[in-house]
Amino acid sequence: MYRFLLTPRWWGINLFVVLAIPFCVFMGTWQLGRFEDRVHTHEAAEKQPAPGARAAKPLDELLPVDTETSGRPATATGRYADRFLVPGRELDDRKGFYVLDMLRTDSGKALPVVRGWLPGKPGQTRVPPAPSGRVTVTGDLQASENAGTAGIGATGGLPDGQVGMISAASLVNLVPYQVYDAWVTLPASGAGGSEKAAGASGDAGGAARSEAPALRPVPATAPEGGGLDLKAFQNLGYTGEWFVFAGFVVFMWFRLLRREAEAARDVRLGLIPDAEPASPSVPEAEVRSGT
């Protein structure tokens, strides 16, 4: 009754089932593991103090930026060099731009420092100058942005002195020195309190800054890829889909098997003829009709 299982057609079906079920189970288990990792990360993050409340550490000790170090206060010492404006950024539902200054550290590499946010468009709003001389900054560490980072308003076709993303990959093409693959944003006390003169030179631009609008601090963003965010529940949804696919493969295999077995039984009982009788050819039909 089940001799049809030895036919080439069923060999192909059985091979597909044998390969598809373990693959679906593996993918479902992998997605479930990703979800559990995010749950554990979320639980561990809740037990730790807020990143911004932890003690500041030197920049090099917190690199590379990950879910553990993102948002941690980092310190760096150097001199401000090039300045870029980052247009298309919103703060409190108002459009404006970031003021990004490159802090040239003692190692020769530059750290992008978002000193604050200003309303309006670049070129139409006066920007306070960066402190001159040698300074030490303390800001919340952030990972480099990419095309998928939320909040990016403009990415291309910008005039000189503007940049769409705060990323080492884009900044390194605009400056003649290396750039850290990270950036910091100065906290609420940032426009003054987190930029301290490290030598006797002080801040020669204080009077000029008093005539320009005050920079508003840019809050640090939560690290991506961890915690119970949308991606975590996507992993959980994919887990269910892969297990459903595995069950569907088994269901279809049993359905095909049952239909084939019933057809073989009907043929054996004579309910379905093995083959339809061939219709007579045209010449034979003409002979029988006497024409």
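All values reported here derive from a predicted model rather than from experimental measurement.

**Considering the environment of isoleucine 152**
Position of isoleucine 152 among the secondary structure elements: in the loop between strand E5 (134–142) and helix H3 (168–171). Between the alpha carbons of isoleucine 152 and glycine 164 there is a distance of 7.1 Å; along the sequence they are twelve residues apart. Not counting the four nearest positions on each side in its chain, isoleucine 152 is found in contact with Arg89, Glu145, Asn146, Gly164 and Met165.

**A short note on the side chain of glutamine 31**
Mapped onto the elements, glutamine 31 comes out in helix H1 (residues 8–47). Within the structure, glutamine 31 has its side chain in polar contact with the side chain of asparagine 235 (distance 2.8 Å). Excluding anything up to four places from it in sequence, glutamine 31 contacts Asn235, Tyr238, Thr239 and Trp242.

**So, the nonpolar core**
Counting 18 residues, the largest nonpolar core has Phe84, Tyr98, Leu100, Met102, Val114, Ile166 and Leu171 as the members making the most contacts within it. Within the residue set of this core, elements represented by two or more residues are strand E2 (73–91), strand E3 (94–105), strand E4 (110–119) and H3. Setting aside residues no more than four positions away along its own chain, tyrosine 98 makes contact with Phe84, Leu85, Val86, Arg89, Val114, Gly116, Trp117, Ile166 and Val218. Membership of the second largest hydrophobic core comes to 16 residues, among which are Ala76, Val135, Leu141 and Leu186.

**Quick notes on a nonpolar patch on the surface**
Together, Leu15, Val18 and Leu19 make up a nonpolar patch on the protein surface, roughly 310 Å² of accessible area in all. Relative to the helices and strands, leucine 19 is located in helix H1. Assessed through its relative accessible area of 56%, leucine 19 is described here as exposed.

**Details of the packing of aromatic side chains**
If you walk through the whole model with that rule in mind, you get four aromatic pairs. When the centroid spacing of 5.5 Å and the interplanar angle of 85 degrees are considered together, the rings of phenylalanine 23 and tryptophan 242 count as edge-to-face. With phenylalanine 23 in helix H1 and tryptophan 242 in helix H5 (residues 230–268), this residue pair connects regions lying 219 residues apart in the sequence. Ring plane angle 55 degrees and centroid distance 6.3 Å describe the contact between phenylalanine 35 and phenylalanine 233, whose orientation is recorded as tilted. Remark: phenylalanine 233 occurs in helix H5 and phenylalanine 35 occurs in helix H1; sequence separation between them is 198 residues. According to the relative accessible area criterion, phenylalanine 35 is buried, its value standing at 15%. Aromatic ring contacts, followed pair by pair, group Phe23, Trp242 and Phe245 into a single cluster. The ring of tyrosine 80 has arginine 115 sitting right over it, with the charged end atom 5.9 Å from the ring centre.

**Details of the confidence of the model for the protein**
Where the model shows low pLDDT, its predicted coordinates should not be examined in detail. Within the protein, residue pLDDT values average 81, and 78% of them lie at 70 or more. Predicted confidence for residues 200–210 stays below pLDDT 50, and this span has 17 contacts to residues more than four positions away or in other chains. This stretch, residues 275–282, has a pLDDT under 50; its non-local contacts, to residues over four places away or in other chains, come to one contact.

**Re the pairing of E3**
Extensive coverage of E3 is indicated by the burial of nine of its twelve residues. Across eleven bridges, the pairing between E2 and E3 is antiparallel. Each bridged residue has a counterpart across the sheet, and for phenylalanine 84 the counterpart in E3 is leucine 100. Linking two consecutive strands that pair antiparallel, namely E2 and E3, is a turn of two residues; a positive phi of about 55 degrees is found at aspartate 92 within it. Bridge count for E3 against E4 is nine bridges, and the pairing is antiparallel. Residue pairing across strands places phenylalanine 97 opposite leucine 118, the latter belonging to E4. Connecting E3 to the next strand, E4, in antiparallel fashion are four residues, including glycine 108 with a positive phi near 100 degrees.

**Overview of unusual backbone geometry**
In the segment running from leucine 63 into proline 64, the intervening peptide bond is cis, with an omega of -5 degrees. Relative to the elements of secondary structure, proline 64 occurs in the loop between helix H2 (59–62) and E2.

**What about the pattern of salt bridges?**
Going through the model one piece at a time under the given rule, you end up with six salt bridges. Here arginine 9 ties to glutamate 260 by a salt bridge, and the two come within 3.5 Å at their closest N and O atoms. With arginine 9 in helix H1 and glutamate 260 in helix H5, this residue pair connects regions lying 251 residues apart in the sequence. Exposure remark for arginine 9: the relative accessible area of 45% places this residue in the partly exposed category. Looking at glutamate 260, the relative accessible area reads 25%, which means it is partly exposed. Aspartate 106 is paired through a salt bridge with arginine 134; the nearest N and O atoms lie 2.8 Å apart. Highlighted residues: aspartate 106 in the loop between E3 and E4 and arginine 134 in strand E5, separated in sequence by 28 residues.

Parameters and conventions
- Residues numbered from 1 in each chain as written.
- Predicted model: local features only at pLDDT ≥ 70, side-chain atom pairs only at ≥ 80, totals over all residues.
- Heavy atoms only, no water.
- Helix = DSSP H or I, 4+ residues; strand = E, 2+ residues; numbered from the N terminus.
- Contact = heavy atoms within 4.5 Å.
- Polar contact = N/O pair within 3.5 Å; in protein donor to acceptor, adjacent residues only side chain to side chain.
- Core = buried A, V, L, I, M, F, W, Y, C linked by side-chain atoms within 4.5 Å.
- Buried < 20%, exposed > 50% of the residue type's maximum accessible area, 1.4 Å probe, protein only.
- Patch = residues over 30% accessible without salt bridge, like charges linked within 9 Å, V, L, I, M, F, W, Y side chains within 5 Å.
- Areas by Shrake-Rupley, 256 points an atom, 1.4 Å probe, with all protein chains shown as cover.
- Salt bridge = Lys/Arg side-chain N within 4 Å of Asp/Glu carboxyl O.
- Phe/Tyr/Trp six-rings, centres within 6.5 Å; stacked < 30°, edge-to-face > 60°.
- Lys NZ or Arg CZ within 6 Å of the ring centre and 35° of its normal.
- pLDDT = per-residue confidence, 0-100.
- Pairing = 2+ DSSP bridges.

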